[in-house]
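Listed here are the chains, written in short residue letters.
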Amino acid sequence: MGVCDVVVVGQLAPHELPHQALGWAPTGVFLVTAIGLLTGVQVLASRALGAGTAALAGGALQCGLAISAVVGALAIAIAQLFGEHMFAAFGVAPELIGPSTRIMQVLMLSIPLHLAYVAGAFFVEALQRPLISTWLMWIANVVNLVINLWLVPRLGALGSAWATVCARGFLAVTLLAWIWLQTDARDLGLRKLSSGWGYRSFLAVGTAAALSQAAEAGAFSGMTILAGRLGGEAVAAYQILLNLLAVVFMVSLGFAAATAVLASRAVGRIEPLEAIRVSWFGLALNTLLMLGIAALVIAAAGPIARAYTTDPSITQVVLLWMPLVALASLADGGQVVVSSALRAQGDNWAPTASHLLAYACVMPLVAVVLAEQRGLGVQGLLLAVNWASFLSVAVLMARLWALTRRARAQHPAHDPAQSPINA
């Protein structure tokens, strides 16, 4: 849906792209942080199913929905009370603050709705029935497009924000209704008042993921604010390039989800070497696909840039630095797959430490130096993204390798590499 929003605004109201980009910046931080909290749905439900205790799986979803409601209400309240002050505090140009705040306040209304959908999507992924959430997402994209085309000519980027709220409401209602009506709700524990999981167990998984994703999302939102200090054209071009990176990242998220489910089930069966094998296999498959997508992005750079906006000056900046987006997608996709694999195996804090180092510490520092002090602008921002992403995936791969060596040492009899058949 993000692509649709940016493309429609870029084509029909390109002068409002900076407002849209800034409105999304704080919204994305709240949303991505809360999605991190909800990883407990996927991990705990998968472990319950792998261990043969299906009645506990539905409890993970119940915890996720409760957290979605609380976080969503908090996000809406903060946007209403402190919206303009947040942008002013970060030095955003005064003429951008008012329109950006109004867009942010509307987008925040979609957070509890989208979080409810994400909790449901994590649950059906744990059930290994992910196609329903995929189909609903495609239908929601059509809903979003139709409402965008209706509202953007009248309301500009604000109309696009309302389209997002409507589409996410559709997603939440339809997916949760499907789960209730089409799954074995009673056998999965969905109709019990008690979840079977304490919130401590749920948050033990989700808190580390939330801090990790908050660091990453906060840093990327800070980069958008930094682009806003460079001028309207810079923030519009950066918004398009970051949106393209996010689209490619969605593919890696799919691999990450599959890797996490399979590894979690292996952990539930007490098969640590199988969890390790799945983790490396998921990373390898994702890397191969990212190489192909990166080549496609570079080859089709012109049509992609022109699809996003009709403004020739913005198009030129996007075309110039699109190869840096293609390069970043390799590392950015890899780090999310390895992070998910590590959390599925109970290693919750290594990904958090990696993201804090790479995205909260290194990326903003490099961005300020390159984009502002050395005057590289959008190029400097994207170079900072590359530095941080490659650092993150390198640290995470080193951690996964350490777990691999430990698992082989503890379970040599089950290691295929040491099996008599392979001797």
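A quick note: this is a predicted structure, and the numbers were derived from the prediction, not measured.

Conventions used here
- Residues numbered from 1 in each chain as written.
- Predicted model: local features only at pLDDT ≥ 70, side-chain atom pairs only at ≥ 80, totals over all residues.
- Heavy atoms only, no water.
- Salt bridge = Lys/Arg side-chain N within 4 Å of Asp/Glu carboxyl O.
- Helix = DSSP H or I, 4+ residues; strand = E, 2+ residues; numbered from the N terminus.
- Buried < 20%, exposed > 50% of the residue type's maximum accessible area, 1.4 Å probe, protein only.
- Phe/Tyr/Trp six-rings, centres within 6.5 Å; stacked < 30°, edge-to-face > 60°.
- Lys, Arg positive; Asp, Glu negative; His and termini not counted.
- Polar contact = N/O pair within 3.5 Å; in protein donor to acceptor, adjacent residues only side chain to side chain.
- Contact = heavy atoms within 4.5 Å.
- Axes fitted to C-alpha atoms, helices over the stretch in contact; angles between N-to-C directions.
- Parallel < 35°, antiparallel > 145°, perpendicular 65-115°, else oblique.
- Left-handed = near helix turned anticlockwise from the far one by under 90°.
- Nonpolar A, V, L, I, M, F, W, Y, C, P; charged D, E, K, R; others polar.
- Patch = residues over 30% accessible without salt bridge, like charges linked within 9 Å, V, L, I, M, F, W, Y side chains within 5 Å.
- Areas by Shrake-Rupley, 256 points an atom, 1.4 Å probe, with all protein chains shown as cover.
- Core = buried A, V, L, I, M, F, W, Y, C linked by side-chain atoms within 4.5 Å.
- Arc of directions from axis to C-beta.
- pLDDT = per-residue confidence, 0-100.
- Expected span 1.5 Å × (residues − 1).

Undergrad: Summarise the pattern of salt bridges; cite the residues concerned and give the values.
TA: Inspection of every chain in the model, using the stated rule, returns three salt bridges. A salt bridge links E271 to R269, with the shortest nitrogen-to-oxygen separation between them at 3.4 Å. The shortest N-O distance in the salt bridge between R399 and D347 comes to 2.5 Å. Taken as a pair, R399 in helix α15 (residues 378-410) and D347 in the loop between α13 (312-344) and α14 (349-373) lie far apart in primary sequence, 52 residues in all. A residue is classified by how much of its surface remains accessible, and R399, at 32% relative accessible area, is partly exposed.

Undergrad: So what's going on with the packing of aromatic side chains? Which residues, and what values?
TA: This model, assessed by the stated rule, comprises one aromatic pair. Seen from their ring centres, F220 and Y359 are 5.8 Å apart, and the 40° between their planes marks the pair as tilted. Placement of F220 in helix α9 (residues 199-230) and of Y359 in helix α14 is noted, with a sequence separation of 139 residues between them. Note on accessibility: F220 and Y359 belong to one class, buried.

Undergrad: Now, about the side chain of D5: what can you tell me, with residues and values included?
TA: Within the secondary structure, D5 sits in helix α1 (residues 2-12). One buried charge, D5, has no salt-bridge partner; the nearest side chain with opposite charge is R168, at 6.8 Å. Separated by 3.0 Å, the side chains of D5 and N144 make a polar contact. Only 3.0 Å separates the side chain of D5 from the side chain of T164, close enough to count as a polar contact. When sequence neighbours within four positions are dropped, the list of residues in contact with D5 reads Q20, W24, N144, N148, S160 and T164.

Undergrad: Which residues make up unusual backbone geometry, and what values go with them?
TA: In the Ramachandran plot, Q128 falls in the positive-phi region, its phi being about 60° despite a non-glycine side chain. If you check the backbone angles, I270 has positive phi at about 60° while not being a glycine. Its location among the elements puts I270 in the loop between α10 (232-268) and α11 (272-299).

Undergrad: Help me get a handle on the packing of α10 against α15, residues and values and all.
TA: With their axes 10 Å apart at the nearest point, α10 and α15 run at an angle of 30° to one another. The angle between the axes of α10 and α15 places the two elements in the roughly parallel class. With respect to the hand of their crossing, α10 and α15 are arranged in right-handed fashion. For the pair α10 and α15, contact is made by A234, Y238, L241 and L245 and by V378, L381, L382 and V385, respectively. Considered class by class, the residues forming the contact of α10 with α15 number eight nonpolar, no polar and no charged.

Undergrad: Can you break down a nonpolar patch on the surface residue by residue, with the values?
TA: A cluster of nonpolar side chains, namely F281, L285, L288 and L291, defines an oily patch on the protein surface of about 410 Å² accessible area. Mapping F281 onto the fold places it in helix α11.

Undergrad: Tell me what's going on with the nonpolar core, and back it up with residues and numbers.
TA: By size, the foremost hydrophobic cluster in this structure holds 112 residues, and its most contacted members are F123, Y238 and M363. Tallying contributions element by element places α10 first for this core, with 11 residues. Sequence-distant contacts of M363, defined by excluding residues within four places in its chain, comprise A219, F220, M223, A358, A384, V385 and A388. The next biggest cluster of nonpolar side chains, apart from the first, holds 13 residues, and it includes A256, L283, V336 and L396.

Undergrad: Could you give an account of helix α12 (residues 301-308), naming the residues involved and the relevant values?
TA: A301, G302, A305 and Y308 are the residues of α12 that are buried. Projection of α12 onto a plane perpendicular to its axis shows the buried side chains occupying an angular sector of 135°, all on one side. Every exposed residue of α12 that faces more than 90 degrees away from the buried side is listed here: P303 and R306. Packed against the buried residues of α12 are α1, α10, α11 and α13.

Undergrad: Which residues make up the confidence of the model for the chain, and what values do they have?
TA: Considering every residue of the chain, the mean pLDDT works out to 85; 94% of them sit at 70 or more. Confidence over residues 415-423 falls short of pLDDT 50; this stretch has six contacts with residues more than four positions distant or in other chains.

Undergrad: Help me get a handle on the environment of L12, residues and values and all.
TA: Assignment of secondary structure puts L12 in helix α1. Remark: the alpha-carbon pair of L12 and V152, spanning 140 residues in sequence, is separated by 7.1 Å. Aside from chain neighbours lying at most four places away, what touches L12 is L149, V152 and P153.

Undergrad: Provide a residue-level description of α13, including the pertinent values.
TA: Between its first and last C-alpha atoms α13 spans 46 Å; for 33 residues at 1.5 Å apiece the expected length is 48 Å, and the two agree. Most of α13 is tucked away: 24 of the 33 residues are buried. Just beyond α13, the residue with positive phi is G346, at close to 85°.

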